[in-house]
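Observations on the three-dimensional arrangement
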Number of protein chains: 2
Amino acid sequence: MENLANQRKNYKPTLPNTLKDLQSITLEKGEHPSHVDSNVAELIPNTKSQPFMHITEKKSDVSNALKIGVVLSGGQAAGGHNVITGIYDAIKKINPNSELIGFLNGPSGIINSEYKELTSDFIDLYRNQGGFDMIGAGRTKIETLEQFENSAKTVTKLNLDGIVIIGGDDSNTNAALLAEYFEKENIKTKVVGVPKTIDGDLKNEHIEVSFGFDTATKTYSDIIGNIARDALSAGKYYFFIKMMGRSASHVTLECALQTHPNYTIIAEEVAANKKTLQSIADEMCDMIIKRAEKGKNHGVILIPEGTIEFIPEFKALISELNDLLSTSKHAEKIANTENREERINLVTQQLSKESAQCYQTLPYEIKLQMIMDRDPHGNVQVSKIETERLFIELVKSQLKEKSSKYKGKFSAQPLFCGYEGRSCLPSNFDSQYCYSLGHVAALLINSGVTGYMASVQNLTLPVKDWTVAGIPISAMMTMEKRKGKLKPVIEKALVDLNGKPFQKFVESRESWKFNDEYIYPGPIQFFGPESITDLTSITLDCEKSHSVSKC
Amino acid sequence: MENLANQRKNYKPTLPNTLKDLQSITLEKGEHPSHVDSNVAELIPNTKSQPFMHITEKKSDVSNALKIGVVLSGGQAAGGHNVITGIYDAIKKINPNSELIGFLNGPSGIINSEYKELTSDFIDLYRNQGGFDMIGAGRTKIETLEQFENSAKTVTKLNLDGIVIIGGDDSNTNAALLAEYFEKENIKTKVVGVPKTIDGDLKNEHIEVSFGFDTATKTYSDIIGNIARDALSAGKYYFFIKMMGRSASHVTLECALQTHPNYTIIAEEVAANKKTLQSIADEMCDMIIKRAEKGKNHGVILIPEGTIEFIPEFKALISELNDLLSTSKHAEKIANTENREERINLVTQQLSKESAQCYQTLPYEIKLQMIMDRDPHGNVQVSKIETERLFIELVKSQLKEKSSKYKGKFSAQPLFCGYEGRSCLPSNFDSQYCYSLGHVAALLINSGVTGYMASVQNLTLPVKDWTVAGIPISAMMTMEKRKGKLKPVIEKALVDLNGKPFQKFVESRESWKFNDEYIYPGPIQFFGPESITDLTSITLDCEKSHSVSKC
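Just so it is clear, the model here is predicted, and its values are computed rather than measured.

1. Here we look at the relation of the copies chain A and chain B
- Under the fitted operation, chain A is carried onto chain B by 0.0 Å of movement along the axis and a turn of 180 degrees, and the coordinates agree to an RMSD of 0.0 Å. Considering both components of the superposition, the chain copies are consistent with a two-fold axis.
- Interface overlap between copies: 100% of the residues of chain A at the interface are likewise at the interface in chain B, consistent with a symmetric, same-surface contact.

2. Observations regarding the interface of chain A and chain B
- Opposite the 55 residues of chain A that make contact, chain B presents 55 residues.
- Both sides of the chain A and chain B interface together cover about 4500 Å² of buried area, and 51% of this is carbon and sulfur.
- The largest contributions to the chain A side of the interface with chain B come from Arg229, Ser233 and Tyr419 of chain A, which together make up 15% of the buried area.
- Here chain A and chain B share eight salt bridges between them.
- Of the charged contacts in the structure, one is a salt bridge between arginine 340 of chain B and glutamate 341 of chain A, with a shortest N-O distance of 2.9 Å.
- Scanning the region where chain A abuts chain B turns up 28 residue pairs in polar contact (both at pLDDT 80 or more).
- Those elements that place two or more of their residues in the side of chain A that touches chain B are helix 1 (4–8), helix 8 (213–234), helix 14 (340–350), helix 16 (364–372) and helix 20 (530–533) of chain A.
- The greatest single-element share of the side of chain A that touches chain B, amounting to nine residues, is contributed by helix 8 of chain A.

3. Thoughts on a negative patch on the surface
- Side chains of Glu365 and Asp373 of chain A together with Glu365 and Asp373 of chain B sit close together on the surface and give a patch of like negative charge.
- Residue position: glutamate 365 of chain B is located in helix 16 (residues 364–372).
- In this structure glutamate 365 of chain B comes out as partly exposed when scored by relative accessible area, which is 47%.

4. Structural notes on the pattern of salt bridges
- Enumeration over the complete set of coordinates arrives at 52 salt bridges over all chains.
- Between lysine 296 of chain A and aspartate 516 of chain A there is a salt bridge whose closest N-O contact spans 3.7 Å. Here the residue lysine 296 of chain A occupies a position in the loop between helix 11 (277–293) and strand 11 (299–304), and aspartate 516 of chain A occupies one in the loop between helix 19 (500–514) and helix 20, the gap between them amounting to 220 residues.
- Several salt bridges converge on common partners, so that one network encompasses Glu386 and Arg389 of chain A together with Glu386 and Arg389 of chain B.

5. Quick look at the packing of aromatic side chains
Residues and elements named next belong to chain B.
- The full count for this structure, using the stated rule, is 30 aromatic pairs over all chains.
- Seen from their ring centres, phenylalanine 429 and tryptophan 466 are 5.8 Å apart, and the 65 degrees between their planes marks the pair as edge-to-face. Here the residue phenylalanine 429 occupies a position in helix 18 (residues 428–446), and tryptophan 466 occupies one in the loop between strand 13 (452–457) and strand 14 (467–472), the gap between them amounting to 37 residues.
- Residue class for tryptophan 466 comes out buried when judged on its relative accessible area of 3%.

Reading guide: rules and limits
Residues numbered from 1 in each chain as written. Chains lettered and ligands numbered in written order. Predicted model: local features only at pLDDT ≥ 70, side-chain atom pairs only at ≥ 80, totals over all residues. Heavy atoms only, no water. Least-squares fit on C-alpha atoms with pLDDT ≥ 70 in both. Contact = heavy atoms within 4.5 Å. Buried area = accessible area lost by both parts, 1.4 Å probe. Salt bridge = Lys/Arg side-chain N within 4 Å of Asp/Glu carboxyl O. Polar contact = N/O pair within 3.5 Å; in protein donor to acceptor, adjacent residues only side chain to side chain. Helix = DSSP H or I, 4+ residues; strand = E, 2+ residues; numbered from the N terminus. Patch = residues over 30% accessible without salt bridge, like charges linked within 9 Å, V, L, I, M, F, W, Y side chains within 5 Å. Areas by Shrake-Rupley, 256 points an atom, 1.4 Å probe, with all protein chains shown as cover. Lys, Arg positive; Asp, Glu negative; His and termini not counted. Charge placed at Lys NZ, Arg CZ, Asp CG, Glu CD. Buried < 20%, exposed > 50% of the residue type's maximum accessible area, 1.4 Å probe, protein only. Phe/Tyr/Trp six-rings, centres within 6.5 Å; stacked < 30°, edge-to-face > 60°.

Okay, structure coming up:
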């Protein structure tokens, strides 16, 4: 029992007061959402009209045993195991004969009926542990009619009262469609979603934050702080740090607020201001030149991985390249050109003037990567473009051009804050938040509703004061054109440029640029004063504050 | 005071019992080292014959005020600030009128007389903090006669009783030479070194470990554990993790012992077995194929940054390339060949058969990097070769060749555990070790000896039982041929293939290969049970154990 991970197995997450006595509470239907998208409603006629669910005192003494299935969908996020232990403990409190089934390796486990009964001894091994390895995760989606039918077979065979789908926006949309299908087919199994993603882009008026965001941003901020202190101490490197987090820049913004780097790209701002690659590099160079004048040849720059998707010229280039390399009449000739430089030239010649210009400004390695590495559909692999290296090269060549103004010494190190933030030991916040979410998911199924997302609110208050609710997923859904077809989606939350977290960042960033005001948050602590162990994210804190100055 | 870094300012490192009352102890000359290298002795006639220094009871009551300078030399390592606060507190305990001067930005601060008086308020800001930013660090060496003379001027002007040089093997060698110079010139300033480096290669019978190793390996092991858990949870990536640590593989070995990755290169073993790049990639592929047969398409592979230096064929290739690209008659023609592929062909043609073969097996990006990126002397920049990507490409192409045997899906992610491990908040071990080292350095200067390294021993015992000593640096020195010239050096400790840490690794590695026995150490903890906060490295533990089975 001496190591930390083992120690954490004994940690008891605090529950909100409202969840302390599951025997005496239940969830009750409340008011209806003010609006459900009419196209969404058409798609889910059987589950379109659902009210919010709130905690209330239980009237009856009877609590039947529940049999529930749980599945981890999509990328890892710290706290997934706590959702499962939360469900487990909750259904056992409701009725000791309740059972929990874990579907293996994501939604394919439901489709293919691959599962495992989760027993007390086994569950205990994963209390407050990182990763999704208790039952594995996967990215299969339940989309085709056959997949729906097979899922129905599995839950019917297992006689499940409910399934909890732990996932991001797509998985929760999927949960709503599965709920609709089960209702339509008169299958008793209820479907409930839990908001998971380190990206922080699954949030809205009902969901304050997705789980995993807190731990990931704390883990990255520890690393960024260490890097900043190293940069400052040696005084010779610029660190270009790419930040995981998909399209949205929430992770980057939170880490910037936690660590005060010298320069931070927020992709949503790039899009709003229609910035080009060169104009961003230009801003970086301006800073680097001014810092060099003060004798500073070091710095920290944060780059969200979504950046390039938000740059209009780059989007256009990628779309042209996708056509050119897969379906155009030049595709074969290009593919048959062995000499890499010639291939690059050939590609450049066939691009539109604007795209050719954008392509030509790219460093050789990126040019090459874009036309060599393609996905099975022949498309450019945007996610593999190493944005941190792209900007290093752009800055390097701009600084060369500006050599009359720039007298410093530019040396850069690329870095990626990524996979190491997804499966770590969950912070106390995520441990407690997820444990509560698991309880709410169990209560929702016990109350017999379907197509809901578990919600825990007032997260900046002490845990005891957190409140809980069930949110009809339909209330969060809308229709979006994807590949020409209208699809139901839960809209991804982007960074709100009028929101308080971004405003707080804007207020300080000029000062961070030139004065090294780095903050070194240090590693996540599990023991010690609550002010350190139970701290939530600055983003959440700001969003809940009355004014920017107070957060 | 709510954040962790600020909290740490209040942490009081425990001192060994032997250092608890500085008023009543002193260091006394003891036995002489059994052997000093005769060439070394010739080089330092005035300081060649020095005994070990041990703690003893002080006879006199008089304690004059001390004026000491301190300098941080070379790369960052966690605990540097604690050495300085340790010196400060020690000299103030010896005599409250003592003064501490910090030389700025490394040894150049001594040469150029750039310094700052370290006051109590200023010192307090850096207690138990990471980084070297209190006074900055630098890599300048005091080598030329002019630099020696200028250093002498500075210390004479400041009337220093001593200088403490906090650095690695080179800096400590330098300390010994500076001590000799001051003695020869009858300058009163004493010179004392402190063993610093995250690489762990400054150790011998007198120095159990260099400071910073503990924090760096714990920081990296946290990351590796998180990555391993992510790999296991998603089941789809092989992570190729390059580990900082220069030539020696101590950091890699320690992290392997802490986390149990599937495959770990130990560079010293590569050299001993004369392995080739292809044979290492081959071993990796064998494992990947066998794991795929068990349905496992994920894994974690550790690669010390020193690996390629230890591969004989690669060393030969680099040396040929250095000649070919800088001084050979083909150099100009190669440099003038704009087309990158043609340039590669030209280079290949001019290499010896063996080197051409080695060069041809390299992935295109690495081939290119080796002939495009060269240092100011025209040499291949070995340290910039991204070994983690090199092995990914080698494995990828070998797996293609072995496609009849390999039915898995290979997807790899490169990662580098590097700069983020050097400037973090020092672990309790490094905080306490460094604080003690600072005390010993102060005592050595107070006892009037020069050319010594501070040593704290029995580090696997509880802190109160640690012992201390002063080691004449000459006892650790030897002469080594560098660029054709005999130079005094402190020999870098490589991983001992007969040592217990390596043996412990060998005992388990086959099992780690196929059974995922990952350990997830989690982030460094500063609060909580001592078994977690005060744990030392497994390497140290093994080296001090009587048998491999006990460590």
